[in-house]
Amino acid sequence: MTARPFTATILGSPRVGPKRELKRAVEKYWAGRMDRTSLESVAATLRRDTWEALTVAGLDSVPVNTFSYYDQVLDTAVMVGALPPRFADVADELDRYFAAARGNDEIPPLEMTKWFDTNYHYLVPEIGAGLHFGLNAAKVLGELDEARAQKVPARPVIVGPITFLALSKAVDGGPAPIQRLPELVVVYGELLRLLGDRGVEWVQLDEPVLVTDVLDNAAELTEETYGLLGRLANRPAVFVSTYFGELTDALPALARTPVEAIGVDLVGGGLSALAAIPELADKLLVAGVVDGRNIWRTDLEAALGRLTMLSGCAGHVAVSTSCSTLHVPYSLDAEADLDPALRSWLAFGSEKVAEVVALARGLREGREAIADEVAASDAAIESRRADPRLNNGDVRSRISAITASGARRGPAGKRLVAQQARLELPPLPTTTIGSYPQTSAIRAARAELRAGTIDFAEYERRMKAEIADVIKLQEALDLDVLVHGEPERNDMVQYFAEQLDGFFATQNGWVQSYGSRCVRPPILYGDVARPKPMTVDWITYAQSLTSKPVKGMLTGPVTILAWSFVRDDQPLPDTAAQVALAIRDETVDLQAAGIAIIQVDEPALRELLPLRAKDKEAYLRWAVDAFRLATSGVADSTQIHTHLCYSEFGEIIGAIADLDADVTSIEAARSHMEVLADLNAAGFGNSVGPGVYDIHSPRVPGVEEMAASLREALKSVPAQRLWVNPDCGLKTRRTDEVTASLRNLVAAAHQVRVG
Ligand code: GLN
Ligand code: ZN
């Protein structure tokens, strides 16, 4: 190999800024309150500080071109000239970029979807039949020049051509995007030549799609693509990085190509396949042994052992994170009052960099050279193992007892009879999904409580006033099943995490979700238990104001797991069962307080679905078990609802049926009720509320339109089991929009009821 092999790196890093500086700057720019020059200077400062920190920490190859004003897939679309023509009229380049990301008054944005199985969302490139790819390397070269001026050992990072096309969608009757690979490879070839001209030593091409089953000829495409790119003269050394799981047949295929380095995720995959590949002998293997997407401290002793074994399989070994640290917060330094034991168990972005550097040194100089680091890691692991909060005997024995007794609800038909007798609802009952608009008064009350300017009693008084308003509104609208409106919840997962043992909420652990949006996932570190009821006071207060049934509103175990950082010291299903038990306890208390309907939301059911087909069934089994554990503690006469949204349900439709909720409300307004036929085909015979209007848009749907949807739904579902509701919660809408839409929704239901 002619390029100098590097020894310590990460695959990418967060970019919103340790204090979310970029978020604030772009949002000001969008609102017209910051000019272009100031925005660019915030961005340049963030890039400079990031590179400097990584270089000073001791990485000998530093990822660049990982900065983004919005999204790295959109950046790649711009780089290959693949912005759809509808944006061409936006003259300014940056504004065109933001228009593609967010839309403007005239042009709808690109669609957004989940980045593999993470909580990051990317913009889906559209590849039309008439699209011609063409290289626009300005961003890559700009960041490269900046980094080099700063004397950073820069390695440009670019989404690879196979992944780019596999994640794109065809439009305007174009062929499947992946069929355009040969054309796109030419563009990547030009890019490599440009980088070669500049004397760039290494370039990283990200191909995470190779760890999934999305492409059925992944190995073949890999060998062709990287064979071609690898044979180009005058190019940098190519590092193909893969992450979010194990490479199977794409690994030997990649090894047969002339690329100089291959990155493998050793957190999501094992070592065994690597030993069997002779071609690795003259490659640099970039070993992702430090978890880039969870927040636990690495067991350095174990990681060093694995690295040492790998040394025998490859020409050189470099230490790396398993993926970009985009998915974890910047640094533990921002957490002032963290329990010291817990702090010692954690590694955020900058701590992971230190781990990589230590491991690289240990690999080079021997374990003794990092004896102190290994000792600290051992001590943390031992403290974590021995901590009583991670082993709550009571919780564990209760779960075994319930599972052993096989606690189940009665058959669905029997439940339906019991519930009809108790609830006396009209046919086609109307309801909503839970949240009502989060008004500025609600947000102000929360901020004041946090700042200490009001006490909890005052906060509670204001929330109850909100609840009373929402109940009054629903009665005026003549809805059949009411909700309390969730004013006391900002983020639903955080709301429950804050009240459960075993969770910890960070102060500044922000992670980019999409564009300028960040979330602060709670850390699920220990055994989960519910010290006291979490929602009963709010719901019973709401119920006291009306004679109509008020739905209790809970979040399901899978969704709570999906939106948290979850402990890695026991199987996920065990953790899910503990969360489920806490939710079950809450349902039992709600029932005892006289609540007749309880909804357990699982909007993230699809999100944790594994990337590989072979793992899907086991996941769906434990996800369903967890939901059933959470919901089977109540009487047959208590009606269990669930709610699902945000996804294509195709692959999980059978699991949705298996949840066996009495009523399932499901996003359908945009998919035109197709989901109902799918549910029928899966043998689902319980009640269902396909969303009849899209809450993601401010548009107020008309009575006729919703009545037509209901008539459409009645073709698949008999009236006795059809419910009428919006697509999702209403928290992001304005009160006037919600009032008008729901008035029409109720009118539509009435119209269809009489025939
Ligand atoms: N009950 C929640 C709400 O209405 C459900 C949220 C969701 O589906 N994401 O806001
Ligand atoms: Zn929803």
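Summary of the structure given here.

Further remarks concern the overall build of the protein chain. The helix and strand tally for the protein chain stands at 27 helices and 21 strands. In summary, the protein chain has a C-alpha radius of gyration of 27 Å against a globular reference of 27 Å for 755 residues, a match within 12%. With respect to the three principal axes, the spread of C-alpha positions in the protein chain is 80 × 60 × 55 Å. Out of the 755 residues belonging to the protein chain, those deemed buried represent 57%. Put simply, 77% of the contacts in the protein chain that link residues at least 6 apart link residues at least 24 apart. With an accessible surface of roughly 29,100 Å², the protein chain has 52% of that area assigned to carbon and sulfur atoms. For the protein chain, the distance from the average site of its 77 positive side-chain charges to the average site of its 101 negative ones is 2 Å.

Strand order in the open sheet formed by 5 strands is E16-E18-E19-E20-E21, and the pairing between neighbours is parallel. Since the sheet does not close on itself, it has two edges, and those belong to strand E16 (551–555) and strand E21 (687–690), each with one partner. Within this sheet the neighbouring strands show an average axis-to-axis angle of 20 degrees, counted without direction. Bridging between strand E19 (residues 639–644) and strand E20 (residues 663–666) involves 4 bridges; their strand directions are parallel. In the sheet register, Leu 644 faces E20, and the bridge partner there is Ile 666.

A few words now on the sheet that holds strand E1 (residues 62–64). The strand order across the open sheet built from 7 strands is E1-E5-E7-E8-E9-E10-E11, with neighbouring strands paired in parallel fashion. Only two strands of the sheet have a single neighbouring strand rather than two, namely E1 and strand E11 (316–321). Adjacent strand axes in the sheet meet at a mean angle of 30 degrees, parallel and antiparallel pairs treated alike. With 3 bridges joining them, E1 and strand E5 (residues 154–159) adopt parallel strand pairing.

Here we come to the packing of helix H1 (residues 21–30) against helix H2 (residues 36–57). Here H1 crosses H2 at 165 degrees, and the two axes come no closer than 10 Å. Classed by the angle they form, the pair H1 and H2 counts as roughly antiparallel. Classified by chirality, the crossing of H2 by H1 is left-handed. Facing Glu 21, Leu 22, Ala 25, Val 26 and Tyr 29 of H1, the residues of H2 in contact are Arg 36, Leu 39, Val 42 and Leu 46. Residue composition of the contact of H1 with H2, by class: 7 nonpolar, no polar and 2 charged.

Take the side chain of Gln 419 next. Positionally, Gln 419 belongs in helix H16 (residues 412–423). Residues contacting Gln 419, with those up to four places away along its chain left out, are Arg 409, Glu 424, Asp 636, Ser 637, Thr 638, Gln 639 and Asp 662.

Turning our eyes to something else, we now look at the site of ligand 1. Around ligand 1, the surrounding shell holds 13 residues, and the nearest of these are Ser 435, Glu 486, Asp 601, His 643 and Gly 729. Between ligand 1 and Ile 433, the relevant distance is 3.1 Å, taken from a nitrogen atom to a main-chain nitrogen or oxygen of the residue. Note that an oxygen atom of ligand 1 is positioned 3.1 Å from one of the side-chain N or O atoms of His 643. Within the complex, 95% of the 300 Å² of free accessible area of ligand 1 lies under protein. Tallied by class, the residues present in the shell around ligand 1 amount to 7 nonpolar, 4 polar and 2 charged.

Further remarks concern the environment of Ala 91. For Ala 91, the position within the fold is in the loop between helix H3 (72–79) and helix H4 (93–102). Sequence separation of Ala 91 and Leu 280 is 189 residues, and the distance between their C-alpha atoms is 48 Å.

Enumeration according to the criterion identifies 52 salt bridges in this entry. A salt bridge links Glu 183 to Arg 180; the nearest nitrogen and oxygen atoms lie 2.9 Å apart. On the accessibility criterion, Arg 180 (6% relative accessible area) is buried. Taking the shortest distance from any N to any O, the salt bridge between Lys 616 and Glu 651 comes out at 2.7 Å. Residue Lys 616 is located in helix H23 (residues 613–631), and its partner Glu 651 is located in the loop between E19 and helix H24 (653–659); the two are separated by 35 residues in the primary sequence. Of the residues examined, Glu 651 reaches a relative accessible area of 44% and is grouped as partly exposed. In this structure, a network of salt bridges that share partners links the residues Arg 384, Arg 396, Asp 527, Arg 567, Asp 568 and Asp 569.

Here the focus is the coordination of the zinc ion (ligand 2). Within the first shell, the zinc ion (ligand 2) binds the protein through His 643 (NE2), Cys 645 (SG) and Cys 728 (SG), at distances of 2.1 to 2.3 Å. Relative to the metal, the 4 donor atoms surrounding the zinc ion (ligand 2) lie at angles of 94 to 128 degrees, and the coordination shape comes out tetrahedral. Read N to C, the donor residues that coordinate the zinc ion (ligand 2) are spaced as H-x1-C-x82-C. In this pair, His 643 sits in strand E19 while Cys 728 sits in the loop between helix H26 (703–714) and helix H27 (735–753), placing the two residues 85 residues apart along the sequence. The same class applies to His 643 and to Cys 728, which are both buried.

So, on to the environment of Gly 32. If you trace the backbone, Gly 32 turns up in the loop between H1 and H2. The exposure class assigned to Gly 32 is exposed, which follows from its relative accessible area of 62%. Once the C-alpha coordinates of Gly 32 and Gly 349 are considered, the two residues, 317 residues apart in sequence, prove to be 32 Å apart.

Moving on: the nonpolar core. Within the largest apolar cluster, 104 residues are counted, with the highest numbers of intra-cluster contacts made by Tyr 436, Leu 605, Ile 656, Leu 742 and Leu 745. Here this core gets 9 residues from one element, more than from any other, and that element is H23. Leaving out residues up to four positions away in the same chain, Ile 656 has contacts with Leu 605, Leu 644, Phe 649, Thr 664, Ile 666, Leu 679 and Phe 684. Grouped together as the second largest cluster of nonpolar side chains are 103 residues, Val 238, Ile 262, Ala 314 and Val 353 included.

Moving on, we get to the packing of aromatic side chains. The tally for this structure, following the rule as stated, stands at 16 aromatic pairs. When the ring of Trp 30 is compared with that of Tyr 70, the centres are 6.1 Å apart and the planes differ by 45 degrees; the resulting orientation is tilted. Here the residue Trp 30 occupies a position in helix H1, and Tyr 70 occupies one in the loop between E1 and H3, the gap between them amounting to 40 residues. Directly above the aromatic system of Trp 510 lies the positively charged group of Arg 20, at a separation of 3.7 Å from the ring centroid. One cation-aromatic arrangement involves Arg 102 over Trp 30; the distance from NZ or CZ to the ring centre is 3.6 Å.

Cut-off values and rules
Residues numbered from 1 in each chain as written. Chains lettered and ligands numbered in written order. Predicted model: local features only at pLDDT ≥ 70, side-chain atom pairs only at ≥ 80, totals over all residues. Heavy atoms only, no water. Helix = DSSP H or I, 4+ residues; strand = E, 2+ residues; numbered from the N terminus. Rg over C-alpha atoms; globule rule 2.2 N^0.38 Å. Buried < 20%, exposed > 50% of the residue type's maximum accessible area, 1.4 Å probe, protein only. Contact = heavy atoms within 4.5 Å. Areas by Shrake-Rupley, 256 points an atom, 1.4 Å probe, with all protein chains shown as cover. Lys, Arg positive; Asp, Glu negative; His and termini not counted. Charge placed at Lys NZ, Arg CZ, Asp CG, Glu CD. Pairing = 2+ DSSP bridges. Axes fitted to C-alpha atoms, helices over the stretch in contact; angles between N-to-C directions. Parallel < 35°, antiparallel > 145°, perpendicular 65-115°, else oblique. Left-handed = near helix turned anticlockwise from the far one by under 90°. Nonpolar A, V, L, I, M, F, W, Y, C, P; charged D, E, K, R; others polar. Near = heavy atom within 4 Å. Polar contact = N/O pair within 3.5 Å; in protein donor to acceptor, adjacent residues only side chain to side chain. Salt bridge = Lys/Arg side-chain N within 4 Å of Asp/Glu carboxyl O. Donors = N, O, S within 2.8 Å, 3.2 Å for Na, K, Ca; no water. Tetrahedral: all angles 85-135°; square planar, octahedral: opposite > 155°, others 65-115°. Core = buried A, V, L, I, M, F, W, Y, C linked by side-chain atoms within 4.5 Å. Phe/Tyr/Trp six-rings, centres within 6.5 Å; stacked < 30°, edge-to-face > 60°. Lys NZ or Arg CZ within 6 Å of the ring centre and 35° of its normal.

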